[in-house]
Amino acid sequence: IQGMVSEINGMTTIYDPDFINRMSSGHPVPSVTVTTSAAMGQEAYEAVLVQLQNIEITDVNSGVGEWSVQNSASEAIVDDIYSYTYIPTIGETMDWVQGPVYEDNGTFKLEPRFDEDISATIVPIPTTGTIGLLMMLTGIGWMIRRRRR
């Protein structure tokens with residue numbers, strides 16, 4: 001790709017390309033990079049598919065459509081540029097959340113692309129007796145598990 005390179009709202013961008021040449025095709029998509037909420041806020045992760053594991057939701061009002069998670073010394077912001085149905089709850093723990101990292105005016109944000117980018121135990125359903133249900137959002141959709149108490 002040949003074109004003008006610029007920082008737009010902090011994101012490195014090639015705009016008005018005047019030459020695009022496909023050198024090859026059919027290559028596998030790069031695998032996800034597992035990192036921490038502290039490390040994600042670096043230029044090296046801009047536009048990289050990143051996964052944060054074993055995280056806790058620390059804020060659900062970090063900005064318009066934004067929420068914060070943490071699995072290390074500092075928080076990371078998760079945003080909603082793409083479409084997913086998950087609704088975060090403060091204090092909830094998540095198995096993982098993944099997506100490309102986007103920089104917006106110096107703030108790095110994780111952008112889940114769809115529901116499959118989020119794996120979290122959602123809500124234990126209160127029950128009486130010895131059988132309970134647990135709803136989970138997994139990488140392949142909703143799962144309901146029945147468990148004995």
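As the structure is a computational prediction, the values presented were derived from the model and not from experiment.

A. Quick peek at the nonpolar core. In this structure, Leu-52, Trp-67, Val-69, Tyr-86, Met-94 and Leu-110 are the most contacted members of the largest nonpolar core, which totals 20 residues. If you list the elements that add at least two residues to this core, you get strand S4 (49-63), strand S5 (66-70), strand S6 (75-78), strand S7 (93-104), strand S8 (107-110) and strand S9 (118-125). Per-element accounting of this core gives the leading share, 4 residues, to S4.

B. Fine view of unusual backbone geometry. Positive phi outside glycine occurs at Asp-16, with the angle close to 50°. Here Asp-16 shows up in strand S2 (residues 11-19). You can call Asp-16 exposed: its relative accessible area is 60%. Positive phi outside glycine occurs at Ala-47, with the angle close to 70°.

C. Main features of the pattern of salt bridges. Taken as a whole, this structure holds 3 salt bridges when the rule is applied. The shortest N-O distance in the salt bridge between Lys-109 and Asp-104 comes to 3.1 Å. Under the relative-accessibility criterion, Lys-109 is labelled buried at 7%. In this structure Asp-104 comes out as partly exposed when scored by relative accessible area, which is 23%.

Calculation rules
Residues numbered from 1 in each chain as written. Predicted model: local features only at pLDDT ≥ 70, side-chain atom pairs only at ≥ 80, totals over all residues. Heavy atoms only, no water. Core = buried A, V, L, I, M, F, W, Y, C linked by side-chain atoms within 4.5 Å. Buried < 20%, exposed > 50% of the residue type's maximum accessible area, 1.4 Å probe, protein only. Helix = DSSP H or I, 4+ residues; strand = E, 2+ residues; numbered from the N terminus. Salt bridge = Lys/Arg side-chain N within 4 Å of Asp/Glu carboxyl O.

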